[in-house]
Amino acid sequence: MANLQQARANVGVVGLAVMGSNLARNLASREGNTVAIYNRSPERTRKLVQEHPEAGFIAAETIDDFVASLTRPRTAIIMVQAGAATDAVIEQLAERFEPGDIIVDGGNALFTDTIRREKALRERGINFVGVGISGGEEGALRGPSLMPGGSEEAYQTLGPILASIAAVAEGEPCVTHVGTDGAGHFVKMIHNGIEYADMQLIAEAYDLLRKVRGLEPAAIADVFAEWNTGDLESYLIEITAEVLRHTDAKTGKPFIDIVLDQAGSKGTGVWTVQTALSLGVPVGGIAEAVFARAVSNRAEQRAVARQIVKSRPSPVEVGDGFEDDVRAALYASKVVAYAQGFDVIAAGAKEYGWNINLGNIAKIWRGGCIIRARFLNRIADAYNTNPNLATLLEDPYFAKAVTDGEAAWRRIINVAVNSGVPVPGFSAALAYYDSLASERLPAALVQGQRDFFGAHTYKRVDAEGTFHTLWSGDRSEIQA
Ligand code: NBP
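What you see is a predicted model, and the numbers here were worked out from it, not measured in a lab.

The subject of this paragraph is the sheet that holds strand β6 (residues 127–134). The sheet built from seven strands is open, its strands ordered β3-β2-β1-β4-β5-β6-β7 with mixed pairing. Looking at which strands have only one partner, the edges of the open sheet turn out to be β3 (58–59) and β7 (145–148). Pairing between strand β1 (residues 11–14) and strand β2 (residues 35–38): four bridges, direction parallel. Bridging from a neighbouring strand, G12 pairs with A36 of β2. In this fold helix α7 (residues 152–165) packs onto β1, β4 (75–78), β5 (102–105), β6 and β7, with an angle of close to 25 degrees to the strand it touches most, β6.

This is the structure we're talking about:
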């Protein structure tokens, strides 16, 4: 039974591995918070209390004691492994919580799981909030970007707590109530998809500077450091320079050369693309980034192909403006990848009934998270000026950014193709741009083929209605 005299913590954290313990420390360091902590294995709880006496944690070794230590409405943030572990902890809390209490899942849950959990708990009178947390363990400790979903009622209590721990960008906490039920986890998923694309595009720029221009990693680090003073300024460009400048202590070689060229992933990129596919939103720039990691992991196929392909193109000779061209191609491709990501958010909002302010999403990504960047201010401005943009590329700043870079973008893809350097991200982004900008697409032919073999019908450019041609008959047209 809950002993009300013990209830002193305004928030609790369940799950004290790296993310949970850092988030608990962050919460405890902010004025006004008293933090209860609980972990399935008590050793983790004891260690955290011992190592951080300054936090003044209220430590519990049983879930009953944990629940009893929380003031009402009870607010508990779960930071355990996504999936079955999260369901198990939710149930333990839900059995003990009362109507109006708040269970928060700060793990990387799939948004459809969050929708399901929120509905089930709402029927029991309990608020359930899925919060996307970006920024890794450092962000959890010092200030992450936070993307909460759930009800307005829950946000009344939770909002100030989250604002107290979030990163701050230009004086504003990087948190906003994204939308109801799974909206927060949905937006976090798209954040990660965009992150995949951003990283891949940077990697392609590096590859061109290395293989075509022939620069050494340290010199490329200087190029990225220089780019980080302009429009491309971002955390990812900054750390790229750091990684490229690093030397392996064991061999004395550039660190980049001793790392196996096979990139890992934890699944949020795949979720983004799967979701975009099911919503019918083209996200080629993001999808190619996910596929690029998959190709990198096909070690056996790569080995076979290297044996079969005897001759590879030599790098094309390039002139003085090459670095600038690569920068322009990178920026234009990045704009496309972000435009695609925001398109999925808009489509998700429509499909799931979320009222998402896209400008606010850009704002909360300016600090704390992996894709934090100067240019997110531009995206926020674009959506604040016109919340109904058909595409980010319609905004005058981005339209100009892409058209200004277009010639360089085409030159770079040309050089890459002729030099045999794969640039799936750059190419997919340009193909998307060209598709949007084309007067006519060959989709008309696809539609003709569909009508031919499957009587799928078509529309005409010059008349209302739906039509079918009697392909196996006299080829006259009928109204469908
Ligand atoms: P892990 O994902 O490694 O999970 C370990 C924690 O889950 C431990 O506290 C463990 O308790 C607990 N746990 C497990 Br496993 N099964 C449990 C069960 N059946 N009942 C109760 N507790 C259980 O921890 P993490 O890396 O700190 O990540 C926590 C969450 O945050 C994950 O959902 C992750 O995806 C998400 N996330 C991680 C990052 C990141 O950068 N790492 C960023 C953003 C979000 P034990 O100590 O008793 O085994």
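Next comes the rest of the description.
Moving on to the environment of V175. Note on placement: V175 falls in the loop between β9 (172–173) and α8 (183–211). Judged by relative accessible area, which is 12%, V175 ranks as buried. Taking the C-alpha atoms as reference, V175 lies 9.4 Å from I165; in sequence the two are ten residues apart. If we skip the residues at most four places from it in the chain, V175 touches L146, P148, Y155, L162, A163, A166 and I364.

Along any regular strand, the residues point their side chains to alternate faces of the sheet. With burial as the criterion, each face of β1 is covered, one bearing V11 and V13 and the other bearing G12 and V14. Regarding the hand of the β-α-β motif, the stretch spanning β1, helix α1 (residues 18–28) and β2 is right-handed. Inspection of the sheet shows β1 paired to β4 by three bridges, in the parallel sense. By the bridge assignment, G12 is partnered in β4 with A76.

Rules and cut-offs
- Residues numbered from 1 in each chain as written.
- Predicted model: local features only at pLDDT ≥ 70, side-chain atom pairs only at ≥ 80, totals over all residues.
- Heavy atoms only, no water.
- Pairing = 2+ DSSP bridges.
- Helix = DSSP H or I, 4+ residues; strand = E, 2+ residues; numbered from the N terminus.
- Contact = heavy atoms within 4.5 Å.
- Axes fitted to C-alpha atoms, helices over the stretch in contact; angles between N-to-C directions.
- Buried < 20%, exposed > 50% of the residue type's maximum accessible area, 1.4 Å probe, protein only.
- Right-handed = clockwise from strand over helix to strand, strands pointing away.

Honestly, that's just the spatial picture; any functional story needs more than this.
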